[in-house]
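# Structure at a glance
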Amino acid sequence: MASFNPKDISTGRLHGYLLSAVAPRPIAFASTVDADGKPNLSPFSFFNVFSANPPIMIFSPARRVRNNTIKHTLENVEATKEVVINVVNYDIVQQMSLSSTEYAKGVNEFEKAGLTMLESDIVKPFRVAESPVQFECKVNEIVHLGTEGGAGNLVICEVVKLHISDDVLDDKDVIVQEKLDLVARAGGSYYNRAKRGFFEIPKPISTLGIGVDAMPNEVKNSMVLTGNDLGMLGNVETLPEQTEIDEFVNNVSERYPNIKTMSHHEKHKIARNYLSYGDVDSAWKLLLS
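Residues numbered from 1 in each chain as written. Predicted model: local features only at pLDDT ≥ 70, side-chain atom pairs only at ≥ 80, totals over all residues. Heavy atoms only, no water.

In this section: the packing of aromatic side chains. One pass over the structure, following the stated rule, counts six aromatic pairs. Where Tyr 190 meets Phe 198, the ring centres are 6.2 Å apart and the plane angle is 90 degrees; that geometry is what we call edge-to-face. Note on Tyr 190: relative accessible area 39%, which makes it partly exposed. An aromatic cluster is built from Tyr 90, Tyr 191 and Phe 199, whose rings are joined through pairwise contacts. The ring of Tyr 90 carries Arg 193 above its face, with NZ or CZ at 3.8 Å from the centroid. (Phe/Tyr/Trp six-rings, centres within 6.5 Å; stacked < 30°, edge-to-face > 60°. Buried < 20%, exposed > 50% of the residue type's maximum accessible area, 1.4 Å probe, protein only. Lys NZ or Arg CZ within 6 Å of the ring centre and 35° of its normal.)

Dropping the structure here:
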């Protein structure tokens, strides 16, 4: 058995061991606003529920390991003492992943991820309309665990109102776990779908993904592409050039002889197939042809 003293290995390596071994972890999809009311949305897997009376949840936006900076979420909860914790189900996992991209302060991750802002009843931060369960919370306390990269900041939240979609409740208003279809985080690029096991999502690119808001209208308003499809499509730095699109069309013209006259609906159905294999590049070239 390999044994390690935490002080003898790098923080990055220790971080990897902790995240891979303590898994799967529930995800707090945390919505906040800054002091000027600008919305922010980001996921955190250092998260759980710790009390029912009072109803207390804790999540931790840790200091970044690589450069010891803090996240906008932490700045916002320190300023406003409010947060909405949305749960993540499989239907929005790709959009959740895209929202974790480190966009500049003031950029609205709801728009980048193609998610809908829903006004809360008590707190100022918006809820994620697509999330099946949303917790409006007041922040009771923030406990700073250190000042170096990787140090956690425990945001202790009290639930002041919760919202549950009728779609995940039975006739006695009990949550049906299979309908909820939660997703949890593991190490590396691994996630866990509660009812089906592990799967992978490539981490957001180190550069900034274009986001759903920058897509052509016929793509982001598609009646075929799902939220997860849009999340994958939004995680590219740039769209393909026309020369690349033309080359792609020529290469697939034998398989799709009517590609130049296809309707958006037809293209979107084929693009979904490419996305099911993780081929985002081909999907974009088809959509833009």
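A separate point is the state of the cysteines. Tallied over the full model, the rule gives zero disulfides. Free cysteine Cys 157: the closest other cysteine sulfur is in Cys 137, separated by 5.0 Å. (Disulfide = S-S within 2.5 Å.)

Take unusual backbone geometry next. That bond from Ala 23 to Pro 24 is cis: its omega, -5 degrees, falls within 30 degrees of zero. Topologically, Pro 24 is positioned in the loop between α1 (11–21) and β1 (28–33). Here the bond from Asn 53 into Pro 54 is cis, since omega is 5 degrees, no more than 30 degrees from zero. Structurally, Pro 54 can be placed in the loop between β3 (47–52) and β4 (55–59). A positive phi angle, near 60 degrees, is found at Asp 173, a position not held by glycine. Locating Asp 173 in the fold gives a position in the loop between β9 (153–164) and α5 (177–180). (Helix = DSSP H or I, 4+ residues; strand = E, 2+ residues; numbered from the N terminus.)

Let us now look at the nonpolar core. Membership of the largest hydrophobic core comes to 27 residues, with the highest contact counts inside it found for Met 215, Val 219, Leu 233, Tyr 274 and Trp 284. Where this core is concerned, the elements lending two or more residues are α7 (227–234), α8 (242–252), α9 (264–276) and α10 (280–287). Among the elements that make up this core, the one with the highest residue count is α10 (five residues). For Tyr 274, the residues in contact, after removing those within four places along its chain, are Phe 248, Val 252, Arg 255, Tyr 256, Asp 279, Ser 282, Ala 283 and Leu 286. Counting residues in each nonpolar core, the second largest holds 21 residues, with Phe 59, Val 77, Val 155 and Cys 157 among its members. (Core = buried A, V, L, I, M, F, W, Y, C linked by side-chain atoms within 4.5 Å. Contact = heavy atoms within 4.5 Å.)

This part covers the pairing of strand β12 (residues 197–200). Direction of pairing for strand β11 (residues 190–193) relative to β12: antiparallel, over a ladder of four bridges. The residue of β12 that forms the bridge with Asn 192 is Phe 198. (Pairing = 2+ DSSP bridges.)

With that out of the way, let us pick up a nonpolar patch on the surface. Taken together, the side chains of Leu 162, Ile 164 and Ile 175 define a hydrophobic patch exposed on the protein surface, amounting to about 210 Å² of accessible area. The topology assignment puts Ile 164 in strand β9. (Patch = residues over 30% accessible without salt bridge, like charges linked within 9 Å, V, L, I, M, F, W, Y side chains within 5 Å. Areas by Shrake-Rupley, 256 points an atom, 1.4 Å probe, with all protein chains shown as cover. Salt bridge = Lys/Arg side-chain N within 4 Å of Asp/Glu carboxyl O.)

What follows concerns the sheet that holds β11. Spatial ordering of the open sheet is given by β10-β11-β12, a layout of three strands whose pairing is antiparallel. The sheet terminates laterally at β10 (183–185) and β12, the two strands that pair on one side only. If you compare each strand with its neighbour and ignore which way they point, the axes differ by 35 degrees on average. Pairing analysis gives three bridges linking β10 to β11, with the strands arranged antiparallel. Looking across to β11, one finds that Ala 184 is bridged to Asn 192. (Axes fitted to C-alpha atoms, helices over the stretch in contact; angles between N-to-C directions.)

Moving on, we come to the pattern of salt bridges. One side chain can pair with another of opposite charge once the charged atoms of both are near each other. A complete count under the given rule lists nine salt bridges for this structure. Taking the shortest distance from any N to any O, the salt bridge between Glu 102 and Arg 64 comes out at 3.1 Å. Remark: Arg 64 occurs in the loop between β4 and α2 (72–80) and Glu 102 occurs in the loop between α3 (93–99) and α4 (109–113); sequence separation between them is 38 residues. Given the relative accessible area of 41%, Glu 102 is considered partly exposed. The salt bridge partner of Asp 181 is Arg 193, with a shortest N-O separation of 2.7 Å. Pair noted here: Asp 181 is in the loop between α5 and β10 and Arg 193 is in strand β11, with a separation of twelve residues, a long-range link. Asp 181 sits in the buried class, given a relative accessible area of 8%.

Strand order in the open sheet formed by seven strands is β2-β1-β5-β8-β9-β4-β3, and the pairing between neighbours is antiparallel. Lying at the two open borders of the sheet, with one neighbouring strand each, are β2 (39–44) and β3. On average, each strand axis in the sheet is inclined to that of its neighbour by 30 degrees, with strand direction left out of account. Where strand β5 (residues 82–86) meets strand β8 (residues 133–144), five bridges bridge the pair, whose relative direction is antiparallel. The residue bridging Glu 82 from the neighbouring strand is Lys 138, located in β8.

The grouping of Asp 166, Asp 167, Asp 171 and Asp 173 at the surface amounts to a negative patch. Topologically, Asp 166 is positioned in the loop between β9 and α5. (Lys, Arg positive; Asp, Glu negative; His and termini not counted. Charge placed at Lys NZ, Arg CZ, Asp CG, Glu CD.)

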